[in-house]
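Here is how the chains run, residue by residue.
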Amino acid sequence: MANDLTAVRQPIERAQGLPNEHYIDEGIFEEEKYAVLFASWAGLAVAADVPETGDAKPIEFLGIPLLLVRDRENKVRVFQNSCRHRGMILVSEPKKIEGAIRCPYHSWCYSTAGKLVSTPHVGGPGHNTHEAINKDDLGLTEVRSHIWFDTVFINVDGNADPFEVVHADLLTRWKEFDKPMYHGGTESHFDLNLTTNWKLAIENYCESYHLPWVHPGLNSYSRLEDHYNIQEQGKYSGQGTLVYQQLKGPDDTVFPDFEGLSDKWDTGAEYIAIYPNVLLGAQRDHCFSIVLQPNTLSSTTEHIHLYYAQPDTSQDMRGRNAHQWKGVFEEDIFVVEGMQKGRHSPLFDGGRFSPAMDGPTHNFHDWVAGKVQDHRAKQNA
Amino acid sequence: MSGLDARLLDAHARHDNPALVKLYALAAETAHDTDATCFYLTHAYIFALELGHPDTATLHAQLAAYGRV
């Protein structure tokens, strides 16, 4: 069911937010799946999910069974997690691939790079070749992927411009962070399950308007007036702060800084939503990546990972830092779940934006609406 | 049921794939015709391939000698 998105794409002073059905209608959710999430570079996981060669992790993304693998050459790849023979699921739980990926059905075997290496009995018992079966044509189906900020982005439909082209501005903006970052380990990863549409988590993250009301503790040292909007039409949006304060441990110790940062980052930090579904944070001494997994129309999981400039930081401080961030992110849960409930008000018209404060949110709505309109135009062509 | 059959079934039940590599290779040695030999060699090779087992290359070479890979 196509709806009118004209009002969303107006200048912010006149614009309305995305209509209710973009949050509560199964048909629109299905449409957005193709128009927004499959057609762009969506976040799937982090490379740290498969830290060693041979590590394999099955992940379902919007109903698609995928397999994240770190191959023998240390390259992280994403495959469809199904055998080229009968479509059987290849890997059903995280595991180490010691040799080959063996299908549990008829034992066709694939290398960690996706090459089909053996087809037992394909030509009859004890005959492992057949002239009709060309192994070179039957490797695992690889999904286009790109890793940045340790985050694994995928383009399911294969038609997006290269990641470096789509996100050239952001890559330039954060070029100073284009250096090794080290996952903080077990205590630096946590998940939050939210009863909300995935877009509301983006919308809440990228604006600072709510900080004094929802995060009063944060606002005590990082006031609203110390923040600025970040918005690049058709690309990304977020917020920055001018008063970032480092976590301090015993004797005022702090995490080591990323090397070579400019003065801007001494007290500055930026929090950017990279469309469609990844939330990133950049600070002088640690970064984070949050991958939003849209489970259903109204269920989303946030996979949160913290990274540091050095591999040997204090475990105790990493734990405290993760605890602090988890507290902040948990404060947002009632908001994103409350907005989801609010979208069931039949006369809610998408809402009006504050021209001063809601630019990053409108930027995202405008981008979603544009992707949906492009999709509909192609469907109707 | 032969002793080897019983050991194979037991290894399957325990998901003991290293044992399956050895037992299927043993079964290949006792088979009476080429197809049966290659059937067992194939199983040994596949389980070895999955494991990254040190016998993988040898088993592949044996199958290659029969023109079966």
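As the structure is a prediction and not an experimental result, all values here were calculated from the model.

Rules used in this analysis
- Residues numbered from 1 in each chain as written.
- Chains lettered and ligands numbered in written order.
- Predicted model: local features only at pLDDT ≥ 70, side-chain atom pairs only at ≥ 80, totals over all residues.
- Helix = DSSP H or I, 4+ residues; strand = E, 2+ residues; numbered from the N terminus.
- Buried ≥ 20, exposed ≤ 12 C-beta atoms within 10 Å, placed from the backbone.
- Contact = placed C-beta atoms within 7 Å.
- Rg over C-alpha atoms; globule rule 2.2 N^0.38 Å.
- Pairing = 2+ DSSP bridges.
- Axes fitted to C-alpha atoms, helices over the stretch in contact; angles between N-to-C directions.
- Nonpolar A, V, L, I, M, F, W, Y, C, P; charged D, E, K, R; others polar.
- Domains from an automatic or database assignment.
- Core = buried A, V, L, I, M, F, W, Y, C linked by C-beta atoms within 7 Å.
- pLDDT = per-residue confidence, 0-100.
- Parallel < 35°, antiparallel > 145°, perpendicular 65-115°, else oblique.

**Examining the overall build of chain A**
- Per the secondary structure count, chain A includes eleven helices and 18 strands.
- Taken along its principal axes, the extent of the C-alpha atoms in chain A is 75 × 60 × 35 Å.
- Taken across its 381 residues, chain A has 43% of its residues classed as buried.
- Taking the intrachain contacts of chain A between residues at least 6 apart in sequence as the baseline, contacts between residues at least 24 apart amount to 64%.

**Concerning the overall build of chain B**
- Of regular secondary structure, chain B possesses four helices and zero strands.
- Written out in order from the N terminus, the α and β elements of chain B read α-α-α-α.
- Scaling as 2.2 N^0.38, a compact globule of 69 residues should have a C-alpha radius of gyration of about 11 Å, and chain B matches this with 11 Å.
- With respect to the three principal axes, the spread of C-alpha positions in chain B is 30 × 30 × 10 Å.
- Sorting the 69 residues of chain B into buried and exposed places 41% on the buried side.
- Within chain B, counting contacts between residues at least 6 apart in sequence, those at least 24 apart form 30% of the total.

**Brief notes about the sheet that holds strand β10 (residues 151-155) of chain A**
All names here are of chain A.
- Here three strands make up an open sheet; going across it, the order is β1-β10-β9 and the pairing antiparallel. Of all strands in the sheet, those with a lone pairing partner are β1 (42-46) and β9 (144-148), marking the two edges. Here the average twist between neighbouring strands, direction ignored, is 35°.
- With five bridges joining them, β9 and β10 adopt antiparallel strand pairing. Bridging from a neighbouring strand, Arg144 pairs with Asn155 of β10.

**Quick notes on the interface of chain A and chain B**
- Taken together, the 15 residues of chain A in the interface contact 14 residues of chain B.
- By residue class, the composition of the side of chain A that touches chain B is five nonpolar, eight polar and two charged.

**Concerning the pairing of strand β2 (residues 55-61) of chain A**
Residue and element names in this part refer to chain A.
- Here β2 pairs with strand β5 (residues 95-96) via two bridges, running antiparallel. Note that in β5 the partner of Asp55 across the bridge is Lys96.
- Bridge analysis of β2 against strand β3 (residues 64-70) gives six bridges, and the strand direction is antiparallel. Its bridge partner being in β3, Ile59 is matched across the sheet by Leu66.
- Counting the residues between successive antiparallel strands, the hairpin from β2 to β3 contains two residues, one of them, Leu62, with a positive phi of roughly 50°.

**Observations regarding the environment of A:Ala356**
- For A:Ala356, the location among the structural elements is in the loop between α10 (333-342) and α11 (359-380).
- Once the C-alpha coordinates of A:Ala356 and A:Lys248 are considered, the two residues, 108 residues apart in sequence, prove to be 34 Å apart.

**Regarding the sheet that holds β5(A)**
- What the four strands build is an open sheet, ordered β4-β3-β2-β5 (chain A); its pairing is antiparallel. The two strands at the open ends of the sheet, each matched to only one other strand, are β4 (76-80) and β5 of chain A.

**So, helix α5 (residues 198-205) of chain A**
- Of all eight residues in α5(A), eight are buried, a share of seventy percent or more.
- Within α5(A), the full set of buried residues consists of A:Trp198, A:Lys199, A:Leu200, A:Ala201, A:Ile202, A:Glu203, A:Asn204 and A:Tyr205.

**Topic: the domain arrangement of chain A**
- Domain assignment breaks chain A into domain 1 (7-41 + 160-380) and domain 2 (51-145).
- Each of domain 1 of chain A and domain 2 of chain A has a C-alpha centre, and the two are 34 Å apart.

**Things to note about unusual backbone geometry**
- The linkage connecting A:Tyr275 with the following residue, A:Pro276, adopts the cis geometry, with an omega of 10°.
- By the secondary structure assignment, A:Pro276 is in the loop between β15 (269-274) and β16 (278-282).
- The phi dihedral of B:His15 is positive, around 55°, even though this residue is not glycine.
- Checked against the element boundaries, B:His15 lands in the loop between α1 (3-13) and α2 (17-30).
- Its 8 C-beta neighbours within 10 Å are what place B:His15 among the exposed residues.

**Regarding the nonpolar core**
- Counting residues in hydrophobic clusters, the biggest one holds 108 residues, and the most contacted among them are A:Leu44, A:Leu66, A:Leu68, A:Ala273, B:Tyr24 and B:Ala44.
- In terms of residue count, helix α3 (residues 34-51) of chain B provides more of this core than any other element does, ten residues in total.
- Here this core gathers at least three residues from each of two domains, domain 1 (7-41 + 160-380) and domain 2 (51-145) of chain A.
- In this view, A:Leu66 contacts A:Leu44, A:Ile59, A:Phe61, A:Val78, A:Phe79, A:Gln80, A:Asn81 and A:Val143; residues no more than four positions away in its chain are not counted.

**Some remarks on the confidence of the model for chain B**
All names here are of chain B.
- Chain-level statistics for chain B give a pLDDT mean of 96 and a share of 99% at 70 or above.
- Looking over chain B, one finds the lowest element-wise mean pLDDT in α1, namely 96, and the highest in helix α4 (residues 56-65), namely 98.
- ipTM for the predicted complex: 0.96, alongside a pTM of 0.95.

**Here's the deal with the environment of A:Lys96**
Residues and elements named next belong to chain A.
- Following the sequence through the fold, Lys96 ends up in strand β5.
- By the C-beta count within 10 Å, which is 12 here, Lys96 ends up exposed.
- In sequence terms Lys96 and Ile202 are 106 residues apart; their C-alpha atoms lie 33 Å from each other.
- Excluding residues within four positions of it along the chain, Lys96 makes contact with Gly54 and Asp55.

**A word on the packing of helix α2 (residues 26-37) of chain A against α11(A)**
Residue and element names in this part refer to chain A.
- At a minimum axis distance of 8 Å, the contact between α2 and α11 shows a crossing angle of 100°. Taken together, α2 and α11 sit at an angle that is classed as roughly perpendicular. Contact residues: α2 offers Glu31, Glu32, Tyr34, Ala35 and Val36, while α11 offers Val368, Lys371, Val372 and His375.
- Class assignment for the residues of the contact of α2 with α11 results in five nonpolar, one polar and three charged.

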